[in-house]
Amino acid sequence: MTLADLRNFAQLHPGFAALTAGAFGACVGSFLNVCIHRLPKGVSIVTPGSHCACGQPIPFWYNIPLFGWLTLRGRAKCCGASISVRYPLVELTTALLFVAAWSFLPPAKAAVACVYLPLLVVLAGCDLDDMMVPDAPNFALVGTGLIAAMLVPSIHGETGHTIEAVNRFRALMDALLGVAAGTALVWWIRTIGTVLAGREAMGEADIILCAGVGAYCGWQGAVFCLFGGSVVGVITALPGLIQAKLKGEEYEGVVPFVPSMAVAGAVWFFRGPELVTLWQNWAAS
Ligand SMILES: [Zn+2]
């Protein structure tokens, strides 16, 4: 069976192909859970194997993505400790992202999405879980973004030149410009925000994340990551803000900036060029 046969099979059975992408995504999500749990604590993501908080090893059948948590009804078999709903949620999110990537993106870009989207999920998950964003996946986002640009120049729309090396070089320039734009933008917003608010407005993690999205999506993607992410962040914080306002209290919560930027970065990867057209049409009308 060749790659072309596989592609034909997938085209004949789109449902089966999407289901396979989803199952693959759920398994990746299961690994991402390990990363989200261990990376902020500086623990190896390879050894030891899966184990419960009480120290008991977890048999592999309870580690089957989604089904493991569902059969256990969110409680550990060994000691009855509750297992965070974050586990099935991360698996489900990753599964759906992989189905979407397979269904809506060209094959080469979908393959890139299999690296890009999981890294975003890890960064968002670490921030939500621990309020701490580890450097490793963040720098990995920037590094893999630059490599992806050279391997798959079409993710930056660079397919115009007949000489493939020229396309690769142009895509790398687009990615580097994205990194520069992301870094500079967040750095300026952070500096101005810190001066105005009198306290640290954004973290270093936000700078690296925006640079990473720029590496994958170009400078427009970096801009959208920051401003689109702010919109997402404000919308998610709005219920709490209104509630505090009604009670006449000071708002205590924080805007989940890293997850919001990750959402914006993912949206742009899927539909960036269409958003540009939408914007141009709106501005021209
Ligand atoms: Zn246990």
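The rules behind the values
- Position numbers for residues count from 1 along each chain, tracking the sequence in the order it is written.
- In view of the model being predicted, local features appear only for residues whose pLDDT reaches at least 70, and side-chain atom pairs are presented and counted only at 80 or more, with totals across whole chains, interfaces and linings using the full set of residues.
- To get the side-chain values, take all heavy atoms of the structure and skip hydrogens and water.
- Metal coordination here is assigned from N, O and S atoms located within 2.8 Å of the ion, or within 3.2 Å for Na, K and Ca; omission of water means that sites may look incomplete.
- Each helix is a run of DSSP H or I of at least 4 residues and each strand a run of E of at least 2, with the numbering of both proceeding from the N terminus.
- Three labels apply to residues, based on accessible area from a 1.4 Å probe with only protein chains included: buried if under 20% of the type maximum, exposed if over 50%, partly exposed otherwise in between.
- Every residue is assigned a pLDDT by the predictor, reflecting its confidence on a scale from 0 to 100.
- The set of buried Ala, Val, Leu, Ile, Met, Phe, Trp, Tyr and Cys residues whose side-chain atoms join them within 4.5 Å is what this entry labels a nonpolar core.
- Take the number of residues in a helix, subtract one, and multiply by 1.5 Å to get its expected span.
- The bend reported for a residue corresponds to the angle between axes fitted to the seven residues ending at that residue and the seven starting there.
- Fitting a line to C-alpha atoms yields each axis, with helices limited to the stretch in contact; the angle taken between N-to-C directions then spans 0 to 180 degrees.
- Angles below 35 degrees are treated as roughly parallel, those above 145 as roughly antiparallel, those between 65 and 115 as roughly perpendicular, and all remaining angles as oblique.
- Should the near helix be turned counterclockwise from the far one by less than a right angle, the crossing is left-handed, whereas a clockwise turn marks it as right-handed.
- The contact criterion used is simple: two residues touch if any of their non-hydrogen atoms lie within 4.5 Å.
- Basically, the charged four are Asp, Glu, Lys and Arg, the nonpolar ten are Ala, Val, Leu, Ile, Met, Phe, Trp, Tyr, Cys and Pro, and anything else, Gly included, counts as polar.
- Any Lys or Arg side-chain nitrogen found within 4 Å of a carboxyl oxygen on Asp or Glu counts as a salt bridge.

## Examining the coordination of the zinc ion
Next up, step 1: Distances from the zinc ion to its protein donors, namely Cys 52 (SG), Cys 54 (SG), Cys 78 (SG) and Cys 79 (SG), fall within the range 2.2 to 2.3 Å.
Next up, step 2: Each donor residue of the zinc ion lies on one chain, and together they are spaced C-x1-C-x23-C-C. You can see Cys 54 sitting in the loop between helix H2 (14-38) and helix H3 (67-72) and its partner Cys 79 sitting in the loop between H3 and helix H4 (86-104), a full 25 residues away along the chain.
Next up, step 3: Taking the relative accessible area as the measure of exposure, Cys 54 reaches 43% and is therefore partly exposed.

## Here's the deal with the confidence of the model for the chain
Next up, step 1: With 98% of its residues at a pLDDT of 70 or more, the chain has an overall mean of 88.
Next up, step 2: Per-element confidence in the chain is highest for helix H6 (residues 135-151), whose mean pLDDT is 95, and lowest for helix H1 (residues 3-12), whose mean pLDDT is 76.

## Brief notes about the nonpolar core
Next up, step 1: Counting 37 residues, the largest nonpolar core has Tyr 116, Leu 117, Leu 120, Leu 141, Leu 209, Tyr 216 and Phe 269 as its most contacted members.
Next up, step 2: For this core, the secondary structure elements donating two or more residues are H4, helix H5 (107-130), H6, helix H8 (204-246) and helix H9 (257-284).

## With respect to H8
Next up, step 1: Compared with the 63 Å implied by 1.5 Å per residue over 43 residues, the 33 Å span of H8 between its first and last C-alpha is markedly short.
Next up, step 2: The sharpest bend along H8 measures roughly 140° and falls at Cys 217.
Next up, step 3: Following H8 by one or two positions, Gly 248 adopts a phi angle in the positive range, close to 70°.

## Some remarks on the packing of H6 against helix H7 (residues 164-197)
Next up, step 1: The N-to-C vectors of H6 and H7 enclose an angle of 155°; their axes lie 7 Å apart at closest approach. Taken together, the axis directions place H6 and H7 in an arrangement best described as roughly antiparallel. In this structure, H6 crosses over H7, and the sense of that crossing is right-handed. Between H6, through Val 142, Leu 146, Ala 149, Met 150 and Leu 151, and H7, the contact on the second element is made entirely by Arg 168, Ala 171, Leu 172, Ala 175, Leu 176 and Val 179.
Next up, step 2: Considered class by class, the residues forming the contact of H6 with H7 number 10 nonpolar, no polar and 1 charged.

## Section: the pattern of salt bridges
Next up, step 1: Applying the stated rule across the entire model yields 4 salt bridges.
Next up, step 2: One salt bridge in this structure joins Arg 86 and Asp 129, with 2.7 Å as the shortest N-O distance. One end of the pair, Arg 86, is in helix H4; the other, Asp 129, is in helix H5, and 43 residues separate them in sequence.
Next up, step 3: We classify Asp 129 as partly exposed; its relative accessible area is 39%.
Next up, step 4: A salt bridge links Arg 168 to Glu 164, with the shortest nitrogen-to-oxygen separation between them at 3.9 Å. Of this pair, Arg 168 and Glu 164 both sit in helix H7, separated by 4 residues, roughly a single helical turn.
Next up, step 5: In this structure Arg 168 comes out as partly exposed when scored by relative accessible area, which is 33%.

## Structural notes on the packing of H2 against H5
Next up, step 1: The interhelical angle for the contact between H2 and H5, taken along N-to-C directions, is 40°, at an axis separation of 9 Å. The angle between H2 and H5 falls in the class oblique. Along this stretch, H2 crosses H5, giving a crossing that reads as right-handed. Listed contacts from H5 to Phe 24, Val 28, Leu 32, Cys 35 and Ile 36 of H2 are Cys 114, Pro 118, Val 121, Val 122, Gly 125, Cys 126, Asp 129 and Asp 130.
Next up, step 2: Taken together, the residues that form the contact of H2 with H5 break down as 10 nonpolar, 1 polar and 2 charged.

## Topic: unusual backbone geometry
Backbone phi values are negative for most residues with the exception of glycine, while trans is the configuration of most peptide bonds.
Next up, step 1: Thr 47 connects to Pro 48 through a cis peptide bond whose omega is -10°.
Next up, step 2: Mapped onto the elements, Pro 48 comes out in the loop between H2 and H3.
Next up, step 3: Non-glycine residue Arg 73 carries a positive phi angle of around 50°.
Next up, step 4: Within the fold, Arg 73 resides in the loop between H3 and H4.
Next up, step 5: Since its relative accessible area comes to 72%, Arg 73 is described here as exposed.
Next up, step 6: Look at Met 131: it is not a glycine, yet its phi comes out positive at around 55°.
Next up, step 7: Relative to the helices and strands, Met 131 is located in the loop between H5 and H6.
Next up, step 8: Of the residues examined, Met 131 reaches a relative accessible area of 57% and is grouped as exposed.

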